[in-house]
Amino acid sequence: MTKNDLLSRISIDPNICFGKPCIKGHRIWVSLILDLLASGEKIETILEEYPGLEREDILACIAYAAKMTRDSYVEIPLGLQKESKK
């Protein structure tokens, strides 16, 4: 499956889920799937929790995020760094 095939599984419709990117045919936000993956959930677990999804839907969310980060970025605060001891 090509990257474009994966991206075709993502839908952005202003009348569905406030226009947020969703998995086509579902009201599941791309960001929800990415948050689950980022918190350590396995693809298999997500598929069990959302039986209407397919593995390619999860991969489509990752492909969408990759495309978004190529086009723009969000600054992430690094926080306070500890001073090194000399």
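Details of the structure are given in the entry above.
Since the structure is predicted, the reported quantities are computational estimates derived from the model, not experimental observations. What you see as residue numbers is a count from 1 along each chain, following the sequence as written. Local features in a predicted model are, by the rule used here, given only for residues with pLDDT of at least 70; side-chain atom pairs are given and counted only at 80 or more, and totals for whole chains, interfaces and linings are based on all residues. Excluded from the side-chain calculations are hydrogens and water; all other atoms, namely the structure's heavy atoms, are used.

**A closer look at helix α2 (residues 30-38)**
Phase 1 of the analysis: Every buried residue belonging to α2 is among Val30, Ile33 and Leu36, and all of these are buried. Looking straight down α2, one finds that the buried residues subtend no more than 130° of arc, so they occupy a single side. Residues of α2 that are exposed and point more than 90 degrees away from the buried face comprise Asp35 and Ala38.
Phase 2 of the analysis: Only heavy atoms matter for contacts: two residues are in contact if any of them lie within 4.5 Å across the pair. In this text, helices come from DSSP runs of H or I with a minimum length of four residues, and strands from runs of E with a minimum of two, each type numbered from the N-terminal end. Contacts from the buried residues of α2 go to β1 (10-11), β2 (22-23), α3 (43-49) and α4 (55-71).
Phase 3 of the analysis: Looking one or two residues past α2, glycine 40 carries a phi angle of roughly 105°, positive in sign. Relative accessibility decides the category of a residue: with a 1.4 Å probe and only protein chains considered, values under 20% of the type maximum give buried, values over 50% give exposed, and everything between is partly exposed. Here the arc refers to the directions that run from the helix axis out to each C-beta atom.

**So, the environment of arginine 27**
Phase 1 of the analysis: Structurally, arginine 27 can be placed in the loop between β2 and α2.
Phase 2 of the analysis: Look at arginine 27 and you get exposed, because its relative accessible area is 60%.
Phase 3 of the analysis: In sequence terms arginine 27 and glutamate 48 are 21 residues apart; their C-alpha atoms lie 17 Å from each other.
Phase 4 of the analysis: Not counting residues within four places of it along the chain, the set of residues in contact with arginine 27 comprises Ile16 and Cys17.

**Thoughts on the environment of leucine 34**
Phase 1 of the analysis: With respect to the element layout, leucine 34 can be found in helix α2.
Phase 2 of the analysis: Residues leucine 34 and leucine 59, spaced 25 residues apart in sequence, show a C-alpha to C-alpha distance of 10.0 Å.
Phase 3 of the analysis: Not counting chain neighbours up to four residues away, the residues in contact with leucine 34 comprise Cys61, Ile62 and Ala65.

**Considering the pattern of salt bridges**
Phase 1 of the analysis: The rule for a salt bridge is simple: a side-chain nitrogen of Lys or Arg has to be within 4 Å of a carboxyl oxygen of Asp or Glu. Applying the stated criterion to the full structure yields three salt bridges.
Phase 2 of the analysis: A salt bridge links aspartate 57 to arginine 9; the shortest N-O distance between them is 2.9 Å. One end of the pair, aspartate 57, is in helix α4; the other, arginine 9, is in the loop between α1 (3-7) and β1, with 48 residues separating them in the sequence. Taken individually, aspartate 57 and arginine 9 each receive the classification buried, so the pair is uniform in this respect.
Phase 3 of the analysis: Here glutamate 44 ties to arginine 55 by a salt bridge, and the two come within 3.7 Å at their closest N and O atoms.

Function-wise, these values are silent; they only describe arrangement.
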